[in-house]
Amino acid sequence: MNRCELLAPAGSLEKLKIAISYGADAVYLGGKDFSLRAQAANFTREELGEALSYAHARGVRVYVTVNVFAHNQDLDAIRRYLRYLGELGVDAVIVSDPGVFSLSRRVAPQIPVHLSTQANVTNLESALFWQRQGVKRINLARELGIREIRAICAATEMEIEVFVHGALCISYSGRCMLSLYLTGRDANKGMCAHPCRYRYRLEEEKRPGNFFPVEEDGRGTYIFNSRDLCLVNRLPELMDAGVSSVKIEGRTKGIYYLAEVVRTYRAALDYAATHSGSGESSDISMPGRFMDGLSKIGSRGYTENFFDSLPGPKDMLYEGPAVDQTFVPAAIVASASPDPTFKINTVLRPGDRLEYMGKGFETSRFTVKEIFNLEGQPVPQALGGETVRIIPVPEVRFEEYRLIRKKAKKSMPAACKAYQKKTGNDMDEHTMLP
Ligand code: SF4
């Protein structure tokens, strides 16, 4: 069976280190310029250099998104940026626009080009077209099923990459004007406010304040609230089809999502690789524990989208905005055992019961016995943003950039709830508030 790369989002330098710590083979990120995820923190040039050194020292590849749809006035700056990325030694650039692709081949031919899902490759002829242009890898459109993926892998010589986890867009990958018209935030520039998931009502202009429900089959008022993609149980089939890389969506998502999804998919890919024999790939049954981990992160429930057939009502979420997140990230291990320090994410006090998220399914429960500041003085609590030492009981062996988590008291962050109350719209924790 094909050895498959695990490609994780890196919305910041810290997230890049977390993704690597949990087993990503490669990460994708955006610089401050020309990246489609305007909401992600994105990397300054200095951070890009540091990201590359850090990743390469650990054998991890770094792909940089340059997936804007450029206008004429952007071209000079893009040319300079591509030249800079070439000198920096990035492992690939991810592009959508044929113009940017063409510039990249001319000014930095040494950088392999990956075609973004924004280019919407949905068929073999389109894939072959891009192969002739010299693209090294294509991220296929998310609207393909396994039979189409298999056929494209079999008939092309490029690497084929497929999204396996994360939020789904109901239009073809962001080609939608709903957000721009309703909120002024352009989905095609990575700033979608997800208005397709809002709850709508109808108001006749002569009867202000008299709202009529907008319903889809009486169960809800969401226009296109898709569940999130999750193909963890279908990894053996993707690997068997010849897919080279499986990609996790979510450069703007939180560190807990990142850690849990990357460690689960790492374990699942390793499981599929070691259990592949001579039989049918679809016969490999993935243990339920993979879904257990993924059910602990906030989501809209899961769908396999187009994998077997066209999605239908069961793939939409009519009942409400989100499935609860059962844990929150409490701290990041800033330096490893034997003298570990922790960057605190939420208030911690002696007596708190926490869980250390190791690799795969390794989870160690412990209680905070004492907290010390970096000067060695005991402190009654540690606040978000502080770096401290913690004495755990029982002892735990901590590794760098792994997470400590805590049971969530509230199912949804307060900001989301406040936004919901104020606007009546649903907002998930990963969506930036307007
Ligand atoms: S509003 Fe919905 S369908 Fe449109 S780009 Fe945003 S997520 Fe996609």
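Residues numbered from 1 in each chain as written. Predicted model: local features only at pLDDT ≥ 70, side-chain atom pairs only at ≥ 80, totals over all residues. Heavy atoms only, no water.

**Student:** Outline the overall build of the chain, supporting the account with residue identities and numerical values.
**Tutor:** In terms of regular secondary structure, the chain is built from 11 helices and 18 strands. When the 434 residues of the chain are sorted by exposure, 53% land in the buried category. Considering only intrachain contacts with a sequence separation of at least 6, the fraction spanning at least 24 residues in the chain is 68%. Surface accessibility of the chain: about 19400 Å² in total, with carbon and sulfur atoms responsible for 51%. (Helix = DSSP H or I, 4+ residues; strand = E, 2+ residues; numbered from the N terminus. Buried < 20%, exposed > 50% of the residue type's maximum accessible area, 1.4 Å probe, protein only. Contact = heavy atoms within 4.5 Å. Areas by Shrake-Rupley, 256 points an atom, 1.4 Å probe, with all protein chains shown as cover.)

**Student:** Now, about the site of the ligand: what can you tell me, with residues and values included?
**Tutor:** Not every one of the 10 residues close to the ligand is listed here, only the nearest: Cys169, Ile170, Cys176, Cys192 and Cys196. Looking at the shell around the ligand residue by residue, the classes come out as 7 nonpolar, 3 polar and no charged. (Near = heavy atom within 4 Å. Nonpolar A, V, L, I, M, F, W, Y, C, P; charged D, E, K, R; others polar.)

**Student:** Tell me about the pairing of strand β16 (residues 363–372), residues and numbers included.
**Tutor:** As defined by bridge partners, strand β15 (residues 353–357) adjoins β16 across 5 bridges and the pair is classed as antiparallel. If you follow Met357 over to β16, its bridge partner there is Thr363. With antiparallel pairing between neighbouring strands as the criterion, β15 and β16 make up a hairpin whose turn holds 5 residues, including Gly360 at a positive phi of roughly 60 degrees. Direction of pairing for β16 relative to strand β17 (residues 387–393): antiparallel, over a ladder of 5 bridges. Residue pairing in the sheet places Glu370 in a bridge with Ile391 of β17. (Pairing = 2+ DSSP bridges.)

**Student:** Can you explain unusual backbone geometry? Please cite residues and give values.
**Tutor:** For the bond running from Ser337 to Pro338, omega is 20 degrees, close enough to zero to count as cis. Note that Pro338 resides in the loop between β13 (327–335) and β14 (341–344). Of note, the amide linkage connecting Val393 to Pro394 takes the cis form, showing an omega dihedral of -5 degrees. Assignment of secondary structure puts Pro394 in the loop between β17 and β18 (403–407). Positive phi, normally seen in glycine, also occurs at Asn305, with a value near 55 degrees. Even without a glycine there, the phi angle at Tyr401 is positive, about 65 degrees.

**Student:** Give a detailed account of the sheet that holds β18, specifying residues and quantitative values.
**Tutor:** Pairing is antiparallel in the closed barrel, where 6 strands are placed in the order β13-β14-β17-β16-β15-β18. Recorded for the sheet is a direction-independent mean angle of 50 degrees between the axes of neighbouring strands. In this sheet, β14 lies alongside β13 in antiparallel orientation, the contact comprising 4 bridges. The residue of β14 that forms the bridge with Ala331 is Ile344. Of the strands in this sheet, β13, β15, β16 and β18 touch helix α9 (residues 255–275), which is tilted by about 110 degrees from β18. (Axes fitted to C-alpha atoms, helices over the stretch in contact; angles between N-to-C directions.)

**Student:** Report on the nonpolar core, specifying residues and quantitative values.
**Tutor:** Judged by nonpolar contacts, the single largest core of 99 residues is most densely connected at Leu85, Leu235, Leu238 and Tyr265. The leading source of residues in this core is α9, at 13 residues. Viewed by domain, this core spans two of them, domain 1 (5–172 + 226–315) and domain 2 (327–407), each represented by three or more residues. When sequence neighbours within four positions are dropped, the list of residues in contact with Leu238 reads Ile146, Ile149, Val162, Val164, Leu231, Val243, Val246 and Phe307. Formed by 17 residues, the second largest nonpolar core is a distinct cluster that contains Val333, Val368, Val396 and Phe398. (Core = buried A, V, L, I, M, F, W, Y, C linked by side-chain atoms within 4.5 Å. Domains from an automatic or database assignment.)

**Student:** Tell me what's going on with the pattern of salt bridges, and back it up with residues and numbers.
**Tutor:** The tally for this structure, following the rule as stated, stands at 26 salt bridges. The residue Arg263 makes a salt bridge to Glu260 at a minimum N-O spacing of 3.2 Å. Taken together, the positions of Arg263 and Glu260, both in helix α9 and 3 residues apart, correspond to about one turn of that helix. Considered together, Arg263 and Glu260 belong to a single accessibility category, that of buried residues. Among the salt bridges present, the one from Arg266 reaches Asp270, with a minimum N-O distance of 3.1 Å. Placement of the pair is Arg266 and Asp270 together in helix α9, with a separation of 4 residues, close to one helical turn. The partly exposed category is assigned to Asp270, whose relative accessible area is 35%. (Salt bridge = Lys/Arg side-chain N within 4 Å of Asp/Glu carboxyl O.)

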